[in-house]
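What follows is each chain in one-letter form.
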Amino acid sequence: MGHYCRVCGRVRPNEKFSGKGHKDHVCKECSGMPREKREAIEQEDEIFGYLKQSHISTKNVSRLRTLVQSDNKRIAELAGLVLEVAEVKPYKKRRLKVLAQKRRDLLRKLKETGLIYAHHF
Ligand SMILES: [Zn+2]
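## Here we look at the nonpolar core
Move 1: Judged by nonpolar contacts, the single largest core of 24 residues is most densely connected at I47, L51, I56, L64, V82, L110 and L115.
Move 2: For this core, the secondary structure elements donating two or more residues are α3 (35-52), α4 (58-67), α5 (73-88), α7 (104-113) and α8 (115-120).
Move 3: Broken down by element, this core gets its largest block of residues, eight residues, from α5.
Move 4: Ranked by size, the runner-up nonpolar core spans six residues in total, among them V7, F17, V26 and C27.

Encoded structure:
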């Protein structure tokens, strides 16, 4: 049995984790990454996660408002798109249908960035 790394998403053997890494669920390889790079991977996962949820909560929205200010362009862009989605349709049910009716531009951007896959997850 291995252990799951939340940064690279792989299940890796126990020897690939340090004591602290075990607790944090980050393998040795990923913990050696520059902090900004690791954070960006985690934040991207987080943003995709919001679209997988059945509802984007007000707490999620305030978190997205922080992420939108990221120095990382992709993170800022993704967070901005999910924020817009939350404004139009916070609930996942019928979201794509509503977006197709009201916000075709936003729907197109979800496709371009790959965020649409999180919706179908
Ligand atoms: Zn890893």
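## Examining the domain arrangement of the protein
Move 1: As far as domains go, the protein holds domain 1 (1-33) and domain 2 (34-120).
Move 2: The C-alpha-based centres of domain 1 and domain 2 are spaced at 27 Å.
Move 3: Carbon and sulfur atoms make up 55% of the surface buried where domain 1 meets domain 2, a total of about 590 Å² over both sides.
Move 4: For domain 1, the biggest contributors to the area lost against domain 2 are R6, V7 and M33; these three give 84% of the whole.
Move 5: Linking domain 1 with domain 2 are one salt bridge.
Move 6: The partner of R6 in a salt bridge is E42, with the nearest N and O atoms 2.9 Å apart.
Move 7: Summed over the shared surface of domain 1 and domain 2, the number is two residue pairs in polar contact (both at pLDDT 80 or more).
Move 8: In terms of residue class, the side of domain 1 that touches domain 2 is built from four nonpolar, two polar and one charged.

Criteria and cut-off values
Residues numbered from 1 in each chain as written. Predicted model: local features only at pLDDT ≥ 70, side-chain atom pairs only at ≥ 80, totals over all residues. Heavy atoms only, no water. Core = buried A, V, L, I, M, F, W, Y, C linked by side-chain atoms within 4.5 Å. Buried < 20%, exposed > 50% of the residue type's maximum accessible area, 1.4 Å probe, protein only. Helix = DSSP H or I, 4+ residues; strand = E, 2+ residues; numbered from the N terminus. Domains from an automatic or database assignment. Buried area = accessible area lost by both parts, 1.4 Å probe. Salt bridge = Lys/Arg side-chain N within 4 Å of Asp/Glu carboxyl O. Polar contact = N/O pair within 3.5 Å; in protein donor to acceptor, adjacent residues only side chain to side chain. Nonpolar A, V, L, I, M, F, W, Y, C, P; charged D, E, K, R; others polar.

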